[in-house]
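Single-letter residue listing:
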Amino acid sequence: MASADQERLREVVDAVVSAAGYDLEEMTVVAAGRRRMLRVAIDSDVGVDLDDAAAVSRNISDRLDELDATDPMGSAAYTLEVTSPGIGRPLTLPRHFRRARGRLLAITTVDGDSLFGRVLLGRDTEVDLLVGPSGTEPLTLAHSAIAKAKVEVEFNSPSGQVLALLGAETADDLRQDAAADLDEDDADDDDLDDGDDGDDGDEAEPGAAGLAQAEAAGLDQPEAAKLNLAQAAGLDQAQAADGGLDN
């Protein structure tokens with residue numbers, strides 16, 4: 001895709017996503033067999049609601065259809081996927097750290113030091129962490145001091161001391177996120193798909209949940225099978241990091 005089309009596509013997608021109250025975290029167009037895949041990752045301070053994601057997917061598709069001859073995706077068939085950011089995505093912006101409250105991060109500083117720290121509070125210019133062997137020692141890092149950061153998948157719950165420092169609400173959210181992370185780690189794909197018809201015949205058949213989402217989106221069963229709506233179960237995962245930090 002030409003850079004001008006890529007920029008135009010991002011403008012169109014970003015406008016639809018913003019109108020729905022979400023941030024556009026990532027947009028990629030890749031070849032997927034005999035068709036292309038437009039993958040859109042969205043997020044907010046309260047995560048991604050499944051119904052909202054379905055609506056965003058439909059609205060993006062409708063908006064691109066309205067452009068007709070000026071559609072930056074062109075006339076060739078493609079699949080549209082709207083999803084939440086995965087657990088392995090780099091944290092690069094202050095809002096990523098804010099939304100990772102309570103999560104354990106693997107961090108590399110600009111000096112080349114590596115450390116693990118749990119997010120106590122994300123601010124506009126810095127992040128408060130819990131570090132050390134016990135995970136209870138306070139440390140504040142400026143965003144400018146962080147070269148890389150990503151959320152770690154945890155298989156065990158933090159200690160009672162750590163949970164007490166995080167507070168009851170964050171501790172409850174952390175337990176739910178940990179369960180969701182394990183589900184995402186086991187699943188091949190946690191995306192909600194939408195897109196136009198193609199002639200591929202190797203997509204998975206949707207399950208009952210996928211068919212329900214297909215009906216809500218106005219799709220028949222063959223379309224649901226091709227778009228793999230059965231994978232729309234894990235849209236609450238988010239966060240991870242790489243690079244400089246601009247708000």
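Described below are features of the structure shown in this document.

Procedures and definitions
- Residues numbered from 1 in each chain as written.
- Predicted model: local features only at pLDDT ≥ 70, side-chain atom pairs only at ≥ 80, totals over all residues.
- Heavy atoms only, no water.
- Buried < 20%, exposed > 50% of the residue type's maximum accessible area, 1.4 Å probe, protein only.
- Helix = DSSP H or I, 4+ residues; strand = E, 2+ residues; numbered from the N terminus.
- Pairing = 2+ DSSP bridges.
- Polar contact = N/O pair within 3.5 Å; in protein donor to acceptor, adjacent residues only side chain to side chain.
- Salt bridge = Lys/Arg side-chain N within 4 Å of Asp/Glu carboxyl O.

### Remarks on the pairing of strand β2 (residues 35-43)
Phase 1 of the analysis: The buried count for β2 comes to seven of nine residues, which makes it a mostly enclosed element.
Phase 2 of the analysis: Note that strand β1 (residues 23-32) and β2 share nine bridges and pair antiparallel. Each residue of the ladder has a partner; that of Leu24, found in β2, is Ile42.
Phase 3 of the analysis: The hairpin turn running from β1 into β2, its antiparallel successor, is two residues long, and Gly33 in that turn takes a positive phi close to 70 degrees.
Phase 4 of the analysis: In the sheet, β2 pairs with strand β3 (residues 78-83) via six bridges, with the strands oriented parallel. Paired with Leu38 across the strands is Leu80, a residue of β3.

### Observations regarding the side chain of Asp128
Phase 1 of the analysis: Residue position: Asp128 is located in strand β6 (residues 126-131).
Phase 2 of the analysis: A polar atom in the side chain of Asp128 sits 2.7 Å from the side chain of Arg123.

### Overview of the pattern of salt bridges
Phase 1 of the analysis: For the structure shown, the criterion picks out 15 salt bridges.
Phase 2 of the analysis: When the shortest N-O distance is used, the salt bridge between Asp128 and Arg123 registers 2.7 Å.
Phase 3 of the analysis: Between Lys150 and Glu152 there is a salt bridge whose closest N-O contact spans 2.7 Å.
Phase 4 of the analysis: Salt bridges linked by common partners bring Asp23, Glu25, Asp43, Asp45, Arg89, Arg95, Arg98 and Arg99 together as one network.

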